[in-house]
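Residues per chain, in single letters:
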Amino acid sequence: MKKIELPEAFVKRVSEDAFLGTSLLNALNEEQPIAIRINSLKGPSVFTDLETIPWSKNGFYLKERPIFTLDPHFHGGRYYPQEAGSQFIDCILRQIALPEDPIVLDLCAAPGGKSTLIADFLQEKGLLVANEVIQNRSRILKENLTKWGAKNTLVSNNDPADFETLNNTFDCILIDAPCSGEGMFRKDPEARNEWSVESVNLCAARQKRIVMDVWDSLKPNGYLIYSTCTFNEQENEENVEWILDQTHSELVSPEIPFARKGRKEIGHYALPSELKTEGFYVVVIRKLGEERTQKNKSKKKSSLTRIKTESWMNEWVSTDESEFVQWNNYLFAVPNGKLDLIENLHHKLRIIKMGTELGEISRKGLIPNEALALSNGLLLSQIPTIELSKEEALHYLKGETFNLDGKHGFNTVSFEGTKLGWMKHLGNRFNNLYPKEWRIRMRVD
């Protein structure tokens, strides 16, 4: 394969920028490090003897890149492959002064790395709304958050402008803004072909619009975490100065181990010339002003039906920490105390994931959804589980069937204790209920 050279205008700009220097250009042609983040909601790591990432509580480096698709633990949400620099977000969340049950928005969230990080940080407290404007990417976001198993997550498929009516809703908003992608030149060489000076200009303007679209939905004293995967001042420090000038806000400077402080001490960089990362920039801004009670509840009649715990539900789910709603013929568990907010969000946004989808309600009871099998602590332990070998697990994840002993009816399946999904055992055979859109498409033999 022909090597894709760094764009000439990019090389010239970096070479003339004393803040970056030519060492960055050399680093962008070196081998990339491989990093993951463990899902602490699902128990201890399935890996051993890994190098830790200093700024991330559950982040680690791998010695080499495995084929993640052929690891059932990956499909079961036990870990997420995530670039180490973007895990700066974990360090920031652990330092800013959020309330005990924060409401967090991850605005540009697909494919879900930072959303799963936030969900892990929240530890089932508060509520995370993960949004993605592009429809097919929002489905990938839903899949990854469903596999992560946190019960306090929603996924929406909306333009940032749709959040303008949600005044004073969020305690923290993360905007990992669409950018010119300079920090991805090593990880994704094709990004080099897509870069241009014009794209930098367009991205910088779009980033300003995105921030202002959601600014009113951030509570006074709430935090905006703004990040990009690019190195240039225009999309980073200059945009931050513009935001500070346009809003009543202040810069916050958390400590991030080994990170390079930005130009004029604005934000922090992960530079691949200095750290085992790709390129990443992040800054924290606190919105100033007096917090006022804001009534956001829609006057429209709710399409969600609140339901009381029924006897058949007690056979499937733990009902202690959840409330239950029905939407059409589907049953969902949402965190206690959040139902009013969720109803309001459901009115104003296109919600495609709401808490944990338990399943479809039929005349014979519940037809369970994969989200229930993958959830953290919702599914009762009395539900039968069939333990699969690695070979069986991979064929199950391809959507195949094979001879397998088991109890008649619905069973979860797992690999080395990691739940993967459902099957319905019929005695002499079983129906594989793993979602078609999630299935492995490569050979597993």
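Summarised in this report is the structure supplied together with it.

Counting secondary structure elements, the chain contains 12 helices and 23 strands. For 445 residues, the compact-globule estimate of 2.2 N^0.38 gives 22 Å, and the chain sits close to it at 23 Å. With the C-alpha coordinates aligned to their principal axes, the bounding extent of the chain is approximately 70 × 55 × 35 Å. The buried share of the chain, taken over its 445 residues, is 56%. Partitioning the intrachain contacts of the chain with sequence separation of at least 6 by distance along the chain shows that 72% fall at a separation of at least 24. With an accessible surface of roughly 20100 Å², the chain has 47% of that area assigned to carbon and sulfur atoms.

With that settled, the discussion passes to the layout of surface pockets. Size it by volume and the second largest pocket reaches roughly 400 Å³. Taken together, 17 residues line the second largest pocket, and the ones lying closest to its centre are Phe74, Ile140, Glu143, Asn144 and Lys147. The greatest single-element share of the lining of the second largest pocket, amounting to five residues, is contributed by helix 6 (residues 135–148). Split into classes, the residues belonging to the lining of the second largest pocket amount to eight nonpolar, three polar and six charged.

Topologically, leucine 358 is positioned in strand 18 (residues 356–362). Taking relative accessible area as the criterion, leucine 358 reaches 1% and is therefore assigned buried. Sequence separation of leucine 358 and valine 14 is 344 residues, and the distance between their C-alpha atoms is 52 Å. Excluding anything up to four places from it in sequence, leucine 358 contacts Val317, Phe324, Leu331, Phe332, Ala333, Leu366, Ile367, Pro368, Asn369, Leu372 and Leu378.

Here is what the cut-offs are and how they apply
Starting from 1, residues in each chain are numbered consecutively following that chain's sequence as written. The model is predicted, so local features are restricted to residues of pLDDT at least 70 and side-chain atom pairs to those at 80 or more, both for listing and for counting; the totals for chains, interfaces and linings are taken over all residues. Excluding hydrogens and water, the side-chain figures rest on all heavy atoms present in the structure. Note on conventions: DSSP H or I runs of at least 4 residues are helices, E runs of at least 2 residues are strands, and numbering of each starts at the N terminus. What the globule rule says is 2.2 Å times the number of residues to the power 0.38, and the radius of gyration is computed from C-alpha atoms. Note on classification: 1.4 Å probe, protein chains only; a residue is buried when its accessible area is under 20% of the maximum for its type, exposed when over 50%, partly exposed between these limits. Working rule for contacts: check all heavy atoms of both residues, and any pair within 4.5 Å makes them a contact. Every accessible area reported is derived by Shrake-Rupley at a probe size of 1.4 Å, with residue values counting cover from the shown protein chains alone. Cavities and pockets were defined on a 1 Å grid built over protein atoms only: a cavity is a set of grid points that admits a 1.4 Å probe from which the probe cannot escape, a pocket is an open set flanked by protein on both sides within 12 Å along at least five of seven lines, and lining residues are those with an atom within 4 Å of any such point. Grid points are joined across faces, edges and corners, and a volume is the space filled by probe spheres set on the points. The residue classification treats Ala, Val, Leu, Ile, Met, Phe, Trp, Tyr, Cys and Pro as nonpolar and Asp, Glu, Lys and Arg as charged. All others, Gly included, are polar.

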